[in-house]
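Coordinate inspection notes
Here's the letter readout for the chains.
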Amino acid sequence: MFNSIQPNQKERIQKATWLLKQLGCSSSEYADLVKEFQLSYGLAPDRIFGRKTYEKLFAALIPIKRSKVSYAKTPMPRFTTAKRVCLHYTCAHNVDGSIAHWNTKSFAGGTPFVIDRQGNLYIVFDYRSGYSYHMGLKTESAYLRDNFECATLGIELCNAGYTSKKNGLWVNPLGVVSDDANVVQINPPHRKNMYYEEYTDAQILTLTRLVVLLSLEFEFDISRLNMDTMFDYDPKWNINNRNGIITHCTVRQDKFDLAPTPKVVEFFNSLKSILAGG
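**As for the packing of helix H1 (residues 10-22) against helix H2 (residues 30-40)**
As a packed pair, H1 and H2 sit with axes 10 Å apart at the nearest point and diverge in direction by 40 degrees. By the criterion of interaxial angle, the relationship of H1 to H2 is oblique. Where H1 crosses over H2, the two elements pack in a sense that is left-handed. Across from Ile13, Ala16, Thr17, Leu20 and Lys21 in H1, the residues of H2 making contact are Tyr30, Leu33, Val34 and Phe37. Partitioned by chemical class, the residues of the contact of H1 with H2 number seven nonpolar, one polar and one charged.

As structure tokens, this is what we get:
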């Protein structure tokens, strides 16, 4: 359940202010921004950023689509609140194909969120009541695995990932082809790979809005953004307080998502600007 934003919650107010201004609200005072939005979207203008305002804002900011393929698994019941998001890429461009792949698993795998190349968000299952396995944590402790997975909301972005030139085409290990214009070079290489498919502007905008919205809803901190360690494996991920935002690379030495492409760096810099009141 979304808890109303209180006057002493500076970081939450900064996040809400940025989100409201994304829709053109222009009042100079925070409470007036909330009222301006409420009046524009048919809500009672009480100047309180509560659950109804949050739900209406989420719908106004995020373009949501439904996949042609339904998620066939039953998520595990959520037993703890979300404390972070984990960023992934799908290794493909097709949302339906990703969900169909998750349906072949013997367990509830995949992520509750997928963002396609056009910036549309697919909500795969009810993330408020359930969770899934999406990190493949290397631990013998089922208790540790389940607690960390349950507290981590996975977000997949449709992206081919790392790629190489074969017969004149950029092809990833699964055979997914990327256009020349969408491939960027990373120097130094990320996990021994230098060429990655870039994300689209629409994806980065939706990702930024979604992460800020989720951090508001679940009240987790996204201010500790260390770009020097964001894309590296943390051998103490199970004991370090890695709340807020992690990548799949944080918890797995054998994964490549996400690489620090220019658009990904832009995403993290945008978050820093938002939290600074920009």
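**Some remarks on the pairing of strand S11 (residues 183-190)**
Direction of pairing for S11 relative to strand S12 (residues 193-197): antiparallel, over a ladder of four bridges. Counterpart to Gln185 in the pairing with S12 is Tyr195. What sits between S11 and S12 in their antiparallel hairpin is a turn of two residues, with Arg191 showing a positive phi close to 50 degrees.

**A look at the sheet that holds strand S5 (residues 121-123)**
Pairing within the open sheet is mixed, and its six strands lie in the order S1-S5-S4-S7-S3-S13. Each edge of the sheet is formed by a strand with only one pairing partner; in this case those strands are strand S1 (64-65) and strand S13 (244-247). Pairing of strand S4 (residues 113-115) with strand S7 (residues 152-157) involves three bridges; the strand directions are parallel. Residue Phe113 lies in a different strand from S7, and its bridge partner there is Ile155.

**Some details on the packing of aromatic side chains**
Summed over the entire model, instances satisfying the criterion amount to 16 aromatic pairs. A ring pair is formed by Tyr162 and Phe256, whose centres lie 4.5 Å apart and whose planes are at 55 degrees; its orientation type is tilted. Of this pair, Tyr162 sits in the loop between S7 and strand S8 (164-166) while Phe256 sits in the loop between helix H7 (248-251) and helix H8 (262-275), placing them 94 residues apart in sequence. Among the aromatic residues, ring-to-ring pairing joins Phe2, Phe49, Tyr54 and Phe58 into one connected group. When the ring centre of Phe2 is taken as origin, the NZ or CZ atom of Arg12, which lies over that ring, is 5.2 Å away.

**Topic: the pairing of S7**
Of all six residues in S7, six are buried, a share of seventy percent or more. Residue alternation in S7 divides its side chains into two sets, Thr152, Gly154 and Glu156 and Leu153, Ile155 and Leu157, and both sets are buried. Where strand S3 (residues 84-89) and S7 come together, six bridges link them in parallel fashion. Bridged to Val85 within S7 is Leu153.

**Here we look at the environment of Thr17**
Tracing the chain through its elements places Thr17 in helix H1. Along the primary structure Thr17 and Gln38 are separated by 21 residues, whereas in three dimensions their C-alpha atoms are 13 Å apart. Once residues lying within four places of it in the same chain are set aside, the contact partners of Thr17 are Tyr30 and Leu33.

**Some remarks on the nonpolar core**
Ranked by internal contacts, the top residues of the largest apolar core, which has 56 residues, are Phe49, Ile155, Leu214 and Ile245. When contributions to this core are tallied by element, the ones reaching two or more residues are H1, H2, helix H3 (51-61), S3, S4, S7, helix H6 (201-218) and H8. Of all hydrophobic cores here, the second largest spans 14 residues; its members include Met76, Val95, Val124 and Cys150.

**Some thoughts on H3**
Listing the buried residues of H3 in full gives Thr53, Tyr54, Leu57, Phe58 and Leu61. Buried residues of H3 fall within an arc of 135 degrees about the axis and therefore sit on the same side. Among the exposed residues of H3, those pointing more than 90 degrees away from its buried face are Lys52 and Ala59. Summarising the contacts, the buried residues of H3 are in contact with H1, H2, S1, S5 and H6.

**What to know about the sheet that holds S8**
Read across the sheet, three strands follow the order S8-S9-S10 without closing on themselves; strand pairing throughout is antiparallel. Every interior strand has two partners, whereas the edge strands, S8 and strand S10 (177-178), have only one. Looking at chain direction, strand S9 (residues 169-171) and S10 are connected through two bridges and run antiparallel. The partner of Trp170 across the bridge, within S10, is Ser178.

**Let's talk about the state of the cysteines**
Under the counting rule described, the total for this entry stands at zero disulfides. Unpaired in this structure, Cys86 has its nearest cysteine sulfur neighbour in Cys249, at a distance of 8.9 Å. Residue class for Cys86 comes out buried when judged on its relative accessible area of 0%. No disulfide involves Cys150; its sulfur sits 14 Å from the nearest other cysteine sulfur, which is in Cys86.

**Topic: unusual backbone geometry**
Between Asn187 and the following residue, Pro188, the backbone shows a cis peptide bond with an omega angle of 5 degrees. Its place among the elements puts Pro188 in strand S11. Geometrically, the link from Asp257 to Leu258 is a cis peptide bond, its omega value of 0 degrees lying close to zero. Here Leu258 shows up in the loop between H7 and H8.

Reading the values: rules and limits
Residues numbered from 1 in each chain as written. Predicted model: local features only at pLDDT ≥ 70, side-chain atom pairs only at ≥ 80, totals over all residues. Heavy atoms only, no water. Axes fitted to C-alpha atoms, helices over the stretch in contact; angles between N-to-C directions. Helix = DSSP H or I, 4+ residues; strand = E, 2+ residues; numbered from the N terminus. Parallel < 35°, antiparallel > 145°, perpendicular 65-115°, else oblique. Left-handed = near helix turned anticlockwise from the far one by under 90°. Contact = heavy atoms within 4.5 Å. Nonpolar A, V, L, I, M, F, W, Y, C, P; charged D, E, K, R; others polar. Pairing = 2+ DSSP bridges. Phe/Tyr/Trp six-rings, centres within 6.5 Å; stacked < 30°, edge-to-face > 60°. Lys NZ or Arg CZ within 6 Å of the ring centre and 35° of its normal. Buried < 20%, exposed > 50% of the residue type's maximum accessible area, 1.4 Å probe, protein only. Core = buried A, V, L, I, M, F, W, Y, C linked by side-chain atoms within 4.5 Å. Arc of directions from axis to C-beta. Disulfide = S-S within 2.5 Å.

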